[in-house]
Amino acid sequence: APELNPSLLPLNWLLGAWESDEPGEGSFPSIEPFRYTETLHFSHVGGPMINFMFNAFHAESKKPMHQECGFIRMQPGTNKVAFIIAQNSGLMEIEEGELTGKQLNLKTHALARISFAKKPQVKQISREFQLRSDGRLEQTVSMATDNQPLKQHLHVIYRRPS
Ligand code: HEM
């Protein structure tokens with residue numbers, strides 16, 4: 001396997017596969033709370049970016065639900081991180097933020113969507129990844145839409161697949 005590009009060494013703890021430990025919790029003021037499972041894959045081919053793929057499934061029916069994929073880049077010599085994201089809902093997003101220890105805080109820097117995307121429109125996303133002291137990975141996602149202010153949508157804790 002190629003060596004990880006040095007610009008990404010601060011993020012090497014993300015690499016590989018993760019799966020939701022307990023089902024993730026979905027919520028938002030305008031929807032029914034829901035549960036989901038999710039797998040995450042972070043890989044690289046030696047270039048200055050990490051490739052990622054997130055696949056979420058209905059907790060009971062196992063039917064595929066939300067999907068995201070893209071690239072992660074870091075500005076060399078800084079703690080600045082960018083996620084370049086495509087979502088199956090038709091949303092394209094750039095999130096930027098900072099790495100502090102093993103915690104990533106990101107928020108929307110740019111958004112675009114397909115012309116026939118479902119309403120309401122997402123206006124802002126903020127997301128946090130944190131490698132916990134118990135070795136599990138935690139993700140929290142909040143969003144604002146054109147009819148709701150910024151509120152939590154997702155919370156999930158992942159473990160390494162057994
Ligand atoms: C609803 C965005 C990730 C499951 C929604 C809504 C939006 C949205 C805008 C509609 C809210 C409303 O009607 O007021 C996003 C964004 C995500 C994301 C931007 C990623 C950053 C996920 C994930 C799941 C999920 C990972 C896991 C299965 C749902 C469900 C609903 C919903 C079940 C309610 C039913 C529906 O409207 O389809 N999401 N979502 N979402 N989301 Fe997400």
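Check the entry above for the structure.
Worth saying up front: this structure is predicted, and the values here are computed from it rather than measured.

Definitions and limits used
- Once a new chain begins, its residue numbering starts again from 1 and follows that chain's sequence as written.
- Residues qualify for local features only when their pLDDT is at least 70, as the model is predicted, and side-chain atom pairs are given and counted only at 80 or more; totals for whole chains, interfaces and linings, by contrast, use all residues.
- Excluding hydrogens and water, the side-chain values take into account all heavy atoms of the structure.
- Per the convention used, a helix needs a DSSP run of H or I reaching at least four residues, while a strand needs a run of E reaching at least two, with both numbered from the N terminus.
- For the radius of gyration, the atoms used are the C-alpha atoms, and the globule rule reads 2.2 Å times the number of residues raised to 0.38.
- In this scheme, a residue with accessible area under 20% of its type's maximum is buried, one over 50% is exposed, and one in between is partly exposed, where area comes from a 1.4 Å probe on protein chains only.
- Two residues form a contact once any of their heavy atoms are found within 4.5 Å.
- Each accessible area value is a Shrake-Rupley result obtained with a 1.4 Å probe; residue values ignore everything except the protein chains displayed when judging cover.
- The sign given to each residue is positive for Lys and Arg and negative for Asp and Glu; His and the chain ends receive no count.
- By convention, the point assigned to a charge is CZ for Arg, NZ for Lys, CD for Glu and CG for Asp.
- Nonpolar cores were defined as sets of buried Ala, Val, Leu, Ile, Met, Phe, Trp, Tyr and Cys residues, with membership established by side-chain atoms within 4.5 Å.
- Stacked, tilted and edge-to-face are the three classes applied to pairs of Phe, Tyr and Trp rings, where Trp contributes its six-membered ring and a pair requires centres within 6.5 Å; stacked means planes under 30 degrees apart, edge-to-face means over 60, and tilted covers the rest.
- Whenever Lys or Arg places a side-chain nitrogen within 4 Å of a carboxyl oxygen from Asp or Glu, that contact is recorded as a salt bridge.
- Nearness here has a simple test: a residue counts as near a molecule or strand if at least one of its heavy atoms is within 4 Å of that partner.
- Pairs of N or O atoms within 3.5 Å make up the polar contacts considered here, provided that, within protein, one atom can donate a hydrogen while the other can accept it, and that residues adjacent in sequence are counted only when both atoms are side-chain atoms.
- Charged means Asp, Glu, Lys or Arg here, nonpolar means Ala, Val, Leu, Ile, Met, Phe, Trp, Tyr, Cys or Pro, and polar covers whatever is left, Gly included.
- Only strands joined by at least two bridges in the DSSP assignment are considered to pair.

Undergrad: Quick rundown of the overall build of the protein chain? Include the residues and the values.
TA: Helix and strand counts for the protein chain come out as zero helices and eleven strands. For a compact globule of 162 residues, the expected C-alpha radius of gyration is about 15 Å, and the protein chain comes in at 16 Å, within 12% of that figure. Along the three orthogonal principal directions, the C-alpha set of the protein chain runs to about 45 × 35 × 25 Å. Relative to its full complement of 162 residues, the protein chain shows a buried share of 39%. Long-range pairs, those at least 24 residues apart, make up 39% of the contacts in the protein chain between residues at least 6 apart in sequence. Working note: accessible area of the protein chain is about 8900 Å², and carbon and sulfur atoms make up 55% of it. Here the protein chain contributes 17 positive and 17 negative side-chain charges, whose respective centroids are spaced 4 Å apart.

Undergrad: Explain the nonpolar core to me, using residue names and the numbers behind them.
TA: Core analysis: the largest hydrophobic core is formed by 33 residues, its most contacted members being Leu11, Phe42, Ile72, Val81, Phe83 and Leu104. At four residues, strand E4 (residues 50–58) tops the list of elements feeding residues into this core. Residues in contact with phenylalanine 42, not counting those within four places in the same chain, are Leu14, Leu15, Gly16, Trp18, Ile50, Asn51, Phe52, Phe54 and Ile72.

Undergrad: Give a description of the packing of aromatic side chains that names residues and reports values.
TA: Inspection of every chain in the model, using the stated rule, returns seven aromatic pairs. Pairing phenylalanine 83 with phenylalanine 129 gives two aromatic rings, centres 5.8 Å apart and planes at 20 degrees, and the pair type is stacked. Taken together, the residues span a long stretch of sequence, with phenylalanine 83 in strand E6 (residues 80–87) and phenylalanine 129 in strand E9 (residues 122–131) at a distance of 46 residues. Joined through ring pairs, the aromatic side chains of Phe42, Phe52, Phe54, Phe83 and Phe129 make up one cluster.

Undergrad: With reference to specific residues and values, describe the pattern of salt bridges.
TA: One pass over the full model with this rule turns up ten salt bridges. Ionic pairing is found between glutamate 22 and arginine 136, a salt bridge with its closest N-O pair at 4.0 Å. Residue glutamate 22 is located in the loop between strand E1 (16–20) and strand E2 (24–26), and its partner arginine 136 is located in the loop between E9 and strand E10 (137–145); the two are separated by 114 residues in the primary sequence. Residues aspartate 134 and arginine 136 are paired through a salt bridge, measuring 3.0 Å at the closest nitrogen-oxygen approach. What makes aspartate 134 partly exposed here is its relative accessible area of 42%. Each of the salt bridges in this network shares a partner with another, and the network as a whole consists of Glu19, Asp21, Glu22, Arg132, Asp134, Arg136, Glu138 and Arg159.

Undergrad: Which residues make up the site of the ligand, and what are the values?
TA: Taken together, 21 residues surround the ligand, and among them Ser30, Phe34, His66, Lys118 and His153 come closest. One of the side-chain N or O atoms of serine 30 is found 2.4 Å from an oxygen atom in the ligand. The separation between a nitrogen atom of the ligand and a polar side-chain atom of histidine 153 is 3.0 Å. At the level of secondary structure, the elements contributing two or more residues to the shell around the ligand comprise strand E3 (34–43), strand E5 (64–74), E9, E10 and strand E11 (148–159). A per-class count over the shell around the ligand returns 13 nonpolar, five polar and three charged.

Undergrad: I'd love a proper account of the pairing of strand E7 (residues 91–100), names of residues and values included.
TA: Pairing geometry for E6 and E7, over seven bridges, is antiparallel. Of the residues in E7, the one forming a bridge with alanine 82 is glutamate 96. The hairpin formed by E6 and E7 contains three residues between the paired strands, and glycine 90 there has a positive phi angle of roughly 105 degrees. Bridge count for E7 against strand E8 (residues 103–113) is ten bridges, and the pairing is antiparallel. Residue glutamate 93 lies in a different strand from E8, and its bridge partner there is leucine 111. The turn linking E7 back onto E8 is made up of two residues, and glycine 101 within it adopts a positive phi angle of 60 degrees.

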